[in-house]
Amino acid sequence: YQYLNAGYLWGLRNKGVFFPKIISGLDIHADEAWEIVGDKEGPIIAVIDTGVQYGHKSLENNIWTNPLETPGDDDPDGNGYLDDVHGIDAIDQLGLGAPGNDDPGDKNGHGTMVAGIIGADGTNGYWGLAPNSTIMGLRFMNADGVGNIDDSIRCIDYAIENGAKVINASY
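The present account deals with the structure reproduced in this document. (Residues numbered from 1 in each chain as written. Predicted model: local features only at pLDDT ≥ 70, side-chain atom pairs only at ≥ 80, totals over all residues. Heavy atoms only, no water.)

Notes on the overall build of the protein chain
Scanning the protein chain from N- to C-terminus turns up three helices and six strands. Walking the protein chain from its N terminus toward its C terminus, one meets helices and strands in the order β-α-β-β-α-β-β-α-β. Across the 171 residues in the protein chain, those meeting the buried criterion constitute 45%. For the protein chain, the share of sequence-separated contacts (at least 6 apart) that also reach a separation of at least 24 residues comes to 60%. (Helix = DSSP H or I, 4+ residues; strand = E, 2+ residues; numbered from the N terminus. Buried < 20%, exposed > 50% of the residue type's maximum accessible area, 1.4 Å probe, protein only. Contact = heavy atoms within 4.5 Å.)

Focus: the environment of Gly111
Within the secondary structure, Gly111 is located in helix H2 (residues 110–119). With relative accessibility at 0%, the residue Gly111 sits in the buried group. Considering only alpha carbons, one finds Gly111 and Gln53, 58 residues apart in sequence, at a separation of 8.0 Å. Discounting chain neighbours no more than four positions away, the residues touching Gly111 are Val47, Asp49, Thr50, Gly51, Val52 and Asp106.

With respect to unusual backbone geometry
One non-glycine residue, Asp83, adopts positive backbone phi at about 50°. Mapped onto the elements, Asp83 comes out in the loop between strand S2 (44–49) and strand S3 (87–89). Of the residues examined, Asp83 reaches a relative accessible area of 28% and is grouped as partly exposed.

Observations regarding the nonpolar core
Counting residues in each nonpolar core, the largest one holds 15 residues, and the members touching the most others are Ile88, Met136, Leu138, Cys155 and Tyr158. Of all the secondary-structure elements, those providing two or more residues to this core are S2, strand S5 (134–139) and helix H3 (149–161). Aside from chain neighbours lying at most four places away, what touches Met136 is Ile44, Ile45, Ala46, Val47, Trp64, His86, Tyr158, Ala159, Asn162 and Ala164. Formed by nine residues, the second largest nonpolar core is a distinct cluster that contains Val47, Ile63, Ala115 and Ile118. (Core = buried A, V, L, I, M, F, W, Y, C linked by side-chain atoms within 4.5 Å.)

Description of the side chain of Asp106
Its place among the elements puts Asp106 in the loop between S3 and H2. Buried within the structure, Asp106 lacks any salt-bridge partner; Arg139 is the closest side chain of opposite charge, at an N-O distance of 6.2 Å. Among the polar contacts made by the side chain of Asp106, one reaches the main-chain amide nitrogen of Gly109 at a distance of 2.8 Å. Asp106 has contacts with Thr50, Gly51, Val52, Gln53, Gly111 and Thr112, leaving out every residue within four places of it along the chain. (Lys, Arg positive; Asp, Glu negative; His and termini not counted. Salt bridge = Lys/Arg side-chain N within 4 Å of Asp/Glu carboxyl O. Polar contact = N/O pair within 3.5 Å; in protein donor to acceptor, adjacent residues only side chain to side chain.)

Describing the side chain of Thr112
Considering the arrangement of structural elements, one finds Thr112 in helix H2. Residue Thr112 is classed as buried on the basis of its relative accessible area, which comes to 11%. Not counting chain neighbours up to four residues away, the residues in contact with Thr112 comprise Gly51, Val52, Gln53, His56, Leu59 and Asp106.

Side note on the pairing of S5
The buried count for S5 comes to six of six residues, which makes it a mostly enclosed element. Neither face of S5 is left uncovered, since the one carrying Thr134, Met136 and Leu138 and the one carrying Ile135, Gly137 and Arg139 both have all their residues buried. Of the strand pairs in this sheet, S2 and S5 are connected by six bridges, and their pairing is parallel. Across the sheet, residue Ile45 finds its bridge partner in S5, namely Ile135. (Pairing = 2+ DSSP bridges.)

Listed below in structure tokens is the structure:
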């Protein structure tokens, strides 16, 4: 498998190269999981955080797209969110008629980092834990990393309603 010899986060596959004081092999043995999974399609994983930079080279091939949404159309999927093509921005978009948009793009960087650890596809030479997964970006925190429980719950509800099998909430 091509990702076994590519870049990786040391916690996924540690050869003791980057952190020599850390014992080689002290990791989660992701390479063993990658061998078992192979090229099988992974689950939809919702990243509820500061958003996800869905144009990022290591993520763009794994970004979730709402199959029922049409960009620029009012609300073709009838879920109350305008243009939720790649997820929602629960801070700025409160549903139809509310100000804001449904651009779950990252305003801080933390959500993109988390999404990369989960699902980087190796395009830039780095692999995430689940490189065959699909990442659904759900933003509930602002650029300062501040959010509220109500917006977080709306993101959880959205993830469940739209088929996410795993929800990452590392806030």
